[in-house]
Each structure stands twice: as structure tokens, then as C-alpha cells.
Amino acid sequence: MEWVKLVSEVLQQDSSQLVLDGLEPLPSEEFNFWRSRLRNLHFIQEQLMSSRAQQVLSIAQRAESVYLSSLRDLHTDVQKGLDEAEDVARNLKPVQQELEKLQQMKYHQLGNNMAAVMEEVRLVWIKSEFYCRPCRVVVLLQEICTLFIQMSRSFLLGKDLMRTLGSEPGQKMEDVTLVIWTLNSLKEAFRLCRTQVEVDQRQDGDTRSWDFPSYLVFFRLDHFLLHLQGIQEVFSVSLQLHQLDRTASVGGRMWTDAIQEVYQDFLCHVTVLCDLTCDPTNPDDQSFLKHLSQFWVQVSDLERRLASVLSRAFEDCCISSSGAKLVKMFGFILDRPLIHDQLRPYLVRLEEMVLEELDQIESLFFSERKESDTFCMFTPSHAAGLCWSQQLRRRAETTLNHHRTLQQLDQDSGVSELVLQRFHLIEDLLRHFRDGLRTEWSSLLDSDCGFILEQPVIQKNQQGMLGVNCSNTLHVVLRELRYVSRKTDLELRPNAARLFTCRDDITRSYLSLSHMVSCYKQVVGGVLTEDFSLIQDQLQDLDLNQNLSELHRYTWGSEGLQQQVEQNRDMVLLLHSTVSQARANMDAMTRIIQGWAKLHLLERSGESLLEVRDMEQSYRHIREEGEELLRLTQVNRSLYGAKDSSESWIMYLEHLDDKVQDGLFQLALRSMHFLLDNMNPQSCCTFVTVSLQLRETGSVFEPSVGVGLSDLLQTIISDIYTATSLPLRISVSRHSNYQVSLQQSSDLSALQQEVKNRLLQVREEAERLLTRLDRYSYLWLSDRKRVMQEFLTYSRQLGPEELEAEETPPTLNDFQREINSLNTLREEVDHLDDVILLHSWLQVDLRAFKGSLLSVVYKWRHLYTDYLLHSVSESLQQVTRHCDDDVGPASLSSFPLTETIILLEAAGVQLPDHLSAQLQC
């Protein structure tokens, strides 16, 4: 009987017992229960069918035991339980397979597969004989909800969920939103499945409906969803308040500081949630709920502070655009109920501003609609009026958009209808104004177009110059038609439509005519005296005047106008190109000729000396440019199509020849003035340098101030005239070269004579210089041997009148007198100037002369010192000879040895080494 009792306990086991015990089983435990029950009942049935159990049953039957009925009931209950377990296990298998498949999926795929799970549950309800009871299905659905709660918490990473709240809450908020959507998808799938069961019940009376309350299934899931929605709200608020960091730098300093302070406090509060160690996905965790409640209190305080700051900001708004800007800037936070309620009163004042701005637009329209054509000076008047009205419309639309932005504060405002009415009123006024402008513009444009089409294309002004007719009017009309092409709603009348159709052709004709007339004016209006006759000849050859006369008969509306304009334009452009090239060549020739007037044939070398430039290089340059003049002249003859014998061409050549001769004259004149400017006594600047040399014949200048310097200047003048002879003559009627013509110039001749005069003046001053230096002539003219002989005989040099004198041998004092006199003369010569400037432009270099003169002085001095050295030498030789003969020290020389040596040393003369050696002995 104990065994029977144990079997009865197995039969009484139920899968809902875990739920009834307050646990949270998963579907796997349901599936395992039924598999285990089926396996246990199979074992029990095998025991009941065993031989031993049958023997016990037979004994009980024979003995009519009281346990016989219990055994029979047990056998029946086991068979029923086995049938139930087999049915349930078989029908739950698809549900198990579907759930296992979902568990292998990524979480974001779950929501789209909830219907498949619920469909399998519905099939179990329909197919299973024993499982189609509400208590069984409710338990299974509760277990499925528990499974998805567990999967959701694993997906949200539990404790790590709040870590990113202070930095990047967006990703985690998306995960929370995905979980909420997925779980709601499960509830929606249940609702659809329940509806389908009801449909099946109506179609098949055997199917029972799910008449059990849904909260029995989802009470725990709903609690978890409510908890997740609170977390989602935390992330949502964090995302909103994180945006304060981007708006803190907008507005005044007061706003910036206040909002930044709110943002920093928010970061502190968020950090507390980020640092929590509990699992926020556990709805039963009271510690997290406590922190969450405290966080919402702190958020409410932050919202009140933000509302206070924004209230002051809205009070400072003086126009609706400022308020709209604030709403756009802080729109992410304005939907918070506390902030929304506190800012709602400011909508009234801002919407009054919207109405005032619309009133201002309406007043502006009535006050300035008559002057709207003056708003754009570069646009046709009617187009300017249309543009002005369009600007007013855009301004009104902008104000309306501001109103719509402000409505975010209060969707139920009663002012919206009034604003729309005022906007539509302004819109109607502007539409009627534009319609009137279009009608007036169409009429005036048609009149102007009709006038233009009847006018000739060209005409002559009062000065007889050719011009484009109606150019200003045509330009205005074409500009208006260009605006019309952009405004397709303007109706064109016949004349305007005709001109609009051919506006491109007329524009091309106008541009061609303008170009042609401009070129014609440049040819005829800018004609020069020298090429006037040549241009007239070309006009006659091209019959251009006659062709232009024919063009006068064409109007802007004439057929074939463009072809006729193009034909005349080509001829005028050809003439313009020819004349322009010829004038460019004339400009090039003029630049060459003007360059001669600036050419430097003579230059100063450094700061003082005259340098004659490399004449061959200058000659080659002038010769090449002369050849270029001849080439350009022939090019112009070809361009003008002139004959060599034509009178117009000969006049042209003579004019050019005069310019060439004038340019060469300026070249020669510039060079002559250069000579005279540098030979000016007031210039005080060296121009030419000569050197004074001492020759055997006396002092001379190199080069000679007379012939040499004259030849130098004459050579320079000849080189100047030679340069003017290098260019070949341009005029064929003038046979002599340019040099011959220029040498006949009185101006150049006068300058040349002035150069000679200044040369004579400096020559006279040079002669006076030589006269001053002749006081030293006796030094190089006197015979030094004769003078020395006279000194030794008379102790002085005899004068010219002294024929005879008493012989008086010189003493050491006489020698000292002569040597001192020569030393004084040497110092005097040494202090002579190295350079002397004559007539302020001729530099005389005296250094060679001084050197030669000092050399002569030294030679005179050596006469006396050499004689004394010889006397010392003889005295020493006599002393040595007498010492060898033991003779007394009587001196045989006329001069005392010691005093002589002292005199020589005072004169700076060193004794030779052999004499010094003898003195030491």
C-alpha cells in the first residue's frame, strides 16, 4: 500500500506548483516536467503490467480483498495520466522548438517572431485534449513571459545599463526602447492570438475561448515594462539635459552662466546613477528605486530652475523671431510638463507681437506701394514692384512660421485663427497689387516694343558721329524682357510678344552694332594727322561709307537685319584691325624714337671720372632699331595698302622722318648737355682726370691738357654725331643722312662751341699750376756734380753774378746746413696735394710728380751724406794703417771722425757694417 500511495503522489503532481509557490519558472521547466511525468508513468505502467503485479491482483481478486478496488482505480488513473502526458508532451514539442529557435536569434529579431510563438501556443490549445484548460495555458504564458524578461535583462547588460548615462545615453536608450517594443510585441501577439481563438470558437463550437483575464498572464511582464519605462524616461531626460551643453554658449552672459550651472548640477546627479552597483533591470531592487525616486526629485528642481531662466529670456524678447529662436533652441526641453506649464503665459505676449508685425507689414504696404519701383535701381520699375511685394509676402510667411513655432508652447491657443485671418488678408492685398502691376507692365512694355520695332538701327549725332539708335531704350526693353522670361505669368501683347520672340536676334544685332560702331569711332574719331589720308583712302576702297548709309534704312523690326549688320561689322572690324595694328606699329616706333632721347652714350664711372660707353654696343643698338623702324614702316605700308608714290604715303613718311630726326636730335642734345653739365665750374665734381708727370724736360700733363684733352672731347663729340648717322633715312625725298642735318643745328653748334670755351678756360688754369710748380725746377735742371764741386770749393753755391770767389772749404756745419735745407724741401714737397681740381671739373693727379720730385731731392741729399761717409771711411782706414805702423793717432782727415758720425746719425744715415766693425776695433 505504500507503493500505491507513492504512485498516487506522482499522479497528483502539477506543473503549476512552482508558480503557486511564488517562483518564476521558465518554459523549459514546463517541458521538462511533462517529459519527466511521461517517463515516470511509463515506468509505473510497466510495473503494473509486470507478472508480480498481476499475481498480486489475482490474489486480491480471489480473496475479494478490500484493496482490489484501489488497485483497479490506480491502474485506471495511471493509464489516464499516461494518455495525458503523451498528449501534452507531443503538443508542447513545437512550442519548445520555436522558443529554442528564438533563443538563438539576436534580440532585435525577437519582436518580429512573437506571433510564431503565440501561434504554436494557440495550436496546443486547439490540438491538445488535456492542455486546453485556462490554468495550463496561463502557466505556460507566464513562463514564456519570464523567459523574455530574462532575455531582455541579459540584453540590457544589467548593472552596466546606467554606465553610459553621463556621456552617451543615446545608444542605451535605443536598447531600452527596443526591449519595450519587443515585449509589447509579445502582448500584441497574444491579443491577436486570443482574437483568432475566438474566431475559431465561433466557427467550430468545440474550441473553447481564452476567457481568462490577460492580467493573469502579464502581471509580472507589465510590472517589468513599467519599470523599463521609468528607465527609458531617465534616459530621455538625460538626453534632453545633455543638450544644454550645446545651448549654454547661446545668448547673454546671464543665460550662459545659469544654464551652465544647471547642466553641471545635472551631471552630478547623473553621476550618482552611473556609479550604482545594483542591477537597474531588476524591478524588485528597492535600492535602485530609491535612487531613482531621488533622481526625479532632483530633475524637478532642475526643471524649475530652467523654467525660471527661460522665463527671463522670453521676457527679454522684443520681436517674435526672438521667441521663435528660443523655442527652436530649447524645443528639446519645452515638452517637459513643469517647464511647459510655467512658460505658457508668455505665448500670449509673443502672439501679440506676431499680430503687431503683421499689422506693420500691412501698414508698410499701404504707405509705400506707390514708391515700390524705387526700391531697386538696377531692376525695371515694375519688376522692382513685383520683387517688393514678394519680399513682403516672404516677410509675412516668416512671421507666420514664427507663430507656428511658438505654438509648441500651447497648441490650444485661440489666437491662431486670428493670425491666419490677418495673414490671408495681407496675402490677398499683395496678390491684387501684383495683378495690377502685371497689367500695367504688360501695356507699357507693348508700347515700348512697338516704338522700338519702328526705329532705324543707326543714326548720326549732332557732331556727325555714327551711333546706335535707341540704345538706351532698347537696353531697358531687353532687360525687361529678360525679367519677363523668368516671370512666365506675365501676359505679353502683340508687339511685346513679337520682340520677345526675336529678342535673341535683336540682342545679337545690338551687340554687333555696338561693337561695330565702337570700332568705327576708334578708327575715325581717333584718327591722327599723319594717317588721316591713308584711312580715307581705305574707306573709299572698301565702299564702307556707302554700306553704312544703306544700313540707315533698316529698323529694329526689319527682316534680314542681322545678316546686313554682320556684313558691315566684318568690314569695319577688318578696317579696325588694320588701323589698330598700324597704330600699334606707330606706337612701337614712337617708343624706339623716345628711347633714343633717353639713351646714355656717356656715363660717369663711379663718383668722379668720365667713362665713354662701349660705342660699338650703342651703335649696334641704334642701327638695329633703325632697321626695325624701316621694317615697321613697310608693314604699315602693307596694312594701309598704300603705294610708294602716293602723296598720302609720302606725307606719312615725312612725318615719321621728322620724328626720327627729332629723336636723334634729343640724343645728341642730351649727350652735349651731359658734357657741359660736367664741365660746369659750379659742379665741383670731377669729370676728366689727367696726371702730372716729371720728365727730363720738365713737368708735363698726361694726357695733354692742350692737344690731348681737346682731342678726347672732339672724339666724344664725333662719336655722338656718328650715332645719329646710323639709322637709315625714312623719307625717300630727303637724301642726306640725319648727321648732316643735325650738324647744321644752331643749338648743337652752340653747345659744341661752349665745350671748347670751357676747355680753353681749364687749359689756362693748368698753365698757372705749372707756373707755381716751376719753383722746384732748379732741382731737376741743375748739374748736381758741378754744384757739389762749387760747395766743396767755396762751401756754398755761387750765384749767377759771381764769376770768382775766395776758396773756403766746407765745414761740418756747412754740410749740416745743406742737409737741413734739403730735409725742409722734402717736407714741403711731401705736403703738396695729391689731387688738384681745376675749374671744378678737371682733376690733376700730382702723385707721380711728387714721387719723382722727392726722388730728385733724395739724390741731392745723398751727395752730401755720401761725401761724409766717404770721409769717415778714409779716416778709419788711416787710423788702422797708423796703428799697424805704431804711429801716433794724428788725424789725416779734414773733419773730426766722431762729429762726422754724429752728424750722419742725426741725418738718419746708418753706417755700413764694415765701418761699424772698424769702429768697434
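Computed from a prediction, not measured in an experiment: that's the story for all the values here.

Novice: Account for the overall build of the protein chain, with residues named and values stated.
Specialist: When helices and strands are tallied, the protein chain shows 35 helices and 8 strands. The burial tally for the protein chain puts 45% of its 921 residues in the buried class. Surface accessibility of the protein chain: about 48,700 Å² in total, with carbon and sulfur atoms responsible for 49%.

Novice: Tell me about the packing of aromatic side chains, and please be specific about residues and values.
Specialist: One pass over the structure, following the stated rule, counts 14 aromatic pairs. Both rings, one in W649 and one in Y652, keep their centres 5.2 Å apart while their planes meet at 20°; by these two values the pair is stacked. Linking W649 with Y652, this pair stays in helix α26 (residues 647-678), spanning 3 residues, or about one helical turn. Like W649, the residue Y652 is buried in the burial classification. Ring centres of W780 and F849 lie 6.4 Å apart, and the angle between their planes is 80°; on these two criteria the pair is classed as edge-to-face. Of this pair, W780 sits in helix α30 (residues 777-781) while F849 is found in helix α33 (residues 847-884), placing the two residues 69 residues apart along the sequence. Counting every residue linked through ring pairs, the aromatic cluster contains W125, F190, W210, F212 and F218. Sitting over the ring of F218, K187 keeps its end group 5.9 Å from the ring centre. Sitting over the face of the ring of F212, R194 holds its NZ or CZ atom 5.6 Å from the ring centroid.

Novice: Account for the side chain of S152, with residues named and values stated.
Specialist: Along the chain, S152 falls in helix α7 (residues 134-155). Among the polar contacts listed, one links the side chain of S152 to the backbone oxygen of F148, at a separation of 2.7 Å. Aside from chain neighbours lying at most four places away, what touches S152 is Y107, V179, L183 and F224.

Novice: Describe in detail the pairing of strand β7 (residues 835-838), supporting the description with residues and values.
Specialist: Residue alternation in β7 divides its side chains into a buried set, I836 and L838, and an unburied set, V835 and L837. Looking at chain direction, β7 and strand β8 (residues 842-845) are connected through 4 bridges and run antiparallel. Bridge pairing in β8 places L838 opposite L842. Hairpin connection of β7 to β8: 3 residues between the antiparallel strands, including H839 at a positive phi of 55°.

Novice: Residue-level account of the packing of helix α32 (residues 812-830) against helix α34 (residues 897-906), with values.
Specialist: Helix packing for two helices is described by the angle between their axes and how far apart those axes are. In contact at an axis separation of 11 Å, α32 and α34 are set at 5° when each is read in the N-to-C sense. As judged from the angle between their axes, α32 and α34 are roughly parallel. From α32, L812, F815 and Q816 reach across to α34, where they touch E899, T900 and L903. Along the lines of polarity and charge, the residues of the contact of α32 with α34 split into 3 nonpolar, 2 polar and 1 charged.

Novice: Would you mind going over the pairing of β8 in detail, with residue names and values included?
Specialist: The alternating pattern of β8 places L842 and V844 on one face and Q843 and D845 on the opposite face, and all of these are buried. Sheet topology note: the strand β5 (residues 688-695)/β8 ladder contains 4 bridges and is parallel. By the bridge assignment for β8, V688 is matched with L842.

Novice: Now, about the nonpolar core: what can you tell me, with residues and values included?
Specialist: F701, Y776 and L842 are the most contacted members of the largest nonpolar core, which totals 99 residues. Top contributing element to this core by residue count: α26, with 14 residues. The contact partners of Y776, leaving out residues within four places of it in the chain, are L825, E828, V829, L832 and L853. In terms of nonpolar packing, the next biggest core, distinct from the first, is built from 78 residues, V88, L102, Y107 and V217 among them.

Novice: Can you explain the pattern of salt bridges? Please cite residues and give values.
Specialist: In the structure shown here, the tally under the stated rule is 18 salt bridges. Its salt-bridge partner being E702, residue R695 comes within 2.1 Å of it at the nearest N-O pair. On the basis of relative accessibility, which here comes to 37%, the residue E702 falls in the partly exposed class. One network of salt bridges, with partners in common, ties together R393, E397 and E427.

Novice: Before we move on, can you summarise the environment of V139 with the specific residues and values?
Specialist: With respect to the helices and strands, V139 occurs in helix α7. On the basis of relative accessibility, which here comes to 8%, the residue V139 falls in the buried class. Separated by 114 residues in sequence, V139 and P25 have C-alpha atoms that sit 9.3 Å apart.

Novice: Account for the sheet that holds strand β6 (residues 698-702), naming residues and giving values.
Specialist: Paired through backbone hydrogen bonds, the strands of a sheet run either parallel or antiparallel to each other. On the basis of which strands lie adjacent, the open sheet formed by 4 strands has the order β6-β5-β8-β7 and mixed pairing. Across the chains shown, the open sheet's two edge strands, defined by having one partner strand only, are β6 and β7. Shown here is a sheet whose adjacent strand axes are inclined to one another by a mean of 25°, direction ignored. Running at roughly 140° to β7, helix α29 (residues 746-773) makes contact with β5, β6, β7 and β8 of the sheet.

Novice: Let's hear about the environment of S741: which residues, and what values?
Specialist: Turning to its location among the elements, S741 is positioned in helix α28 (residues 738-743). For the pair S741 and F665, spaced 76 residues apart in the sequence, the C-alpha separation amounts to 9.4 Å. Setting aside anything within four residues of it in sequence, one finds S741 in contact with Q661, R729 and S736.

Novice: I'd like a description of helix α31 (residues 784-794), backed by residues and values.
Specialist: Of the residues making up α31, those classed as buried are V787, M788, E790, F791, T793 and Y794. S795 sits one or two positions beyond α31 and adopts a positive phi of about 65°.

Novice: Outline the packing of helix α6 (residues 114-127) against helix α8 (residues 169-203), listing residues and values.
Specialist: Where α6 meets α8, the axes come as close as 9 Å, and the angle between the chain directions of the two elements is 35°. Crossing hand, α6 versus α8: right-handed. In this structure, α6 uses M114, A115, M118, R122, W125 and I126 to contact α8, whose residues at the interface are T182, S185, L186, A189, F190, C193, Q196, V197 and D200. Split by residue class, the contact of α6 with α8 holds 10 nonpolar, 3 polar and 2 charged.

Novice: Could you give an account of helix α21 (residues 503-524), naming the residues involved and the relevant values?
Specialist: Between its first and last C-alpha atoms α21 spans 31 Å; for 22 residues at 1.5 Å apiece the expected length is 32 Å, and the two agree. Every buried residue of α21 is listed here: I506, S509, Y510, S512, L513, M516, V517, C519, Y520 and V523.

Novice: Tell me about the confidence of the model for the protein chain, and please be specific about residues and values.
Specialist: In this model, the protein chain carries an average pLDDT of 76, and 78% of its residues clear a pLDDT of 70 or more. Here residues 887-892 is a poorly scored stretch, pLDDT under 50, and it has 5 contacts once near neighbours within four places are set aside; other chains count.

Novice: Residue-level account of the environment of M353, with values.
Specialist: Here M353 is to be found in helix α16 (residues 346-368). In this structure the C-alpha to C-alpha distance between M353 and I319, which are 34 residues apart in sequence, comes to 6.2 Å.

Calculation notes
Residues numbered from 1 in each chain as written. Predicted model: local features only at pLDDT ≥ 70, side-chain atom pairs only at ≥ 80, totals over all residues. Heavy atoms only, no water. Helix = DSSP H or I, 4+ residues; strand = E, 2+ residues; numbered from the N terminus. Buried < 20%, exposed > 50% of the residue type's maximum accessible area, 1.4 Å probe, protein only. Areas by Shrake-Rupley, 256 points an atom, 1.4 Å probe, with all protein chains shown as cover. Phe/Tyr/Trp six-rings, centres within 6.5 Å; stacked < 30°, edge-to-face > 60°. Lys NZ or Arg CZ within 6 Å of the ring centre and 35° of its normal. Polar contact = N/O pair within 3.5 Å; in protein donor to acceptor, adjacent residues only side chain to side chain. Contact = heavy atoms within 4.5 Å. Pairing = 2+ DSSP bridges. Axes fitted to C-alpha atoms, helices over the stretch in contact; angles between N-to-C directions. Parallel < 35°, antiparallel > 145°, perpendicular 65-115°, else oblique. Nonpolar A, V, L, I, M, F, W, Y, C, P; charged D, E, K, R; others polar. Core = buried A, V, L, I, M, F, W, Y, C linked by side-chain atoms within 4.5 Å. Salt bridge = Lys/Arg side-chain N within 4 Å of Asp/Glu carboxyl O. Left-handed = near helix turned anticlockwise from the far one by under 90°. Expected span 1.5 Å × (residues − 1). pLDDT = per-residue confidence, 0-100.

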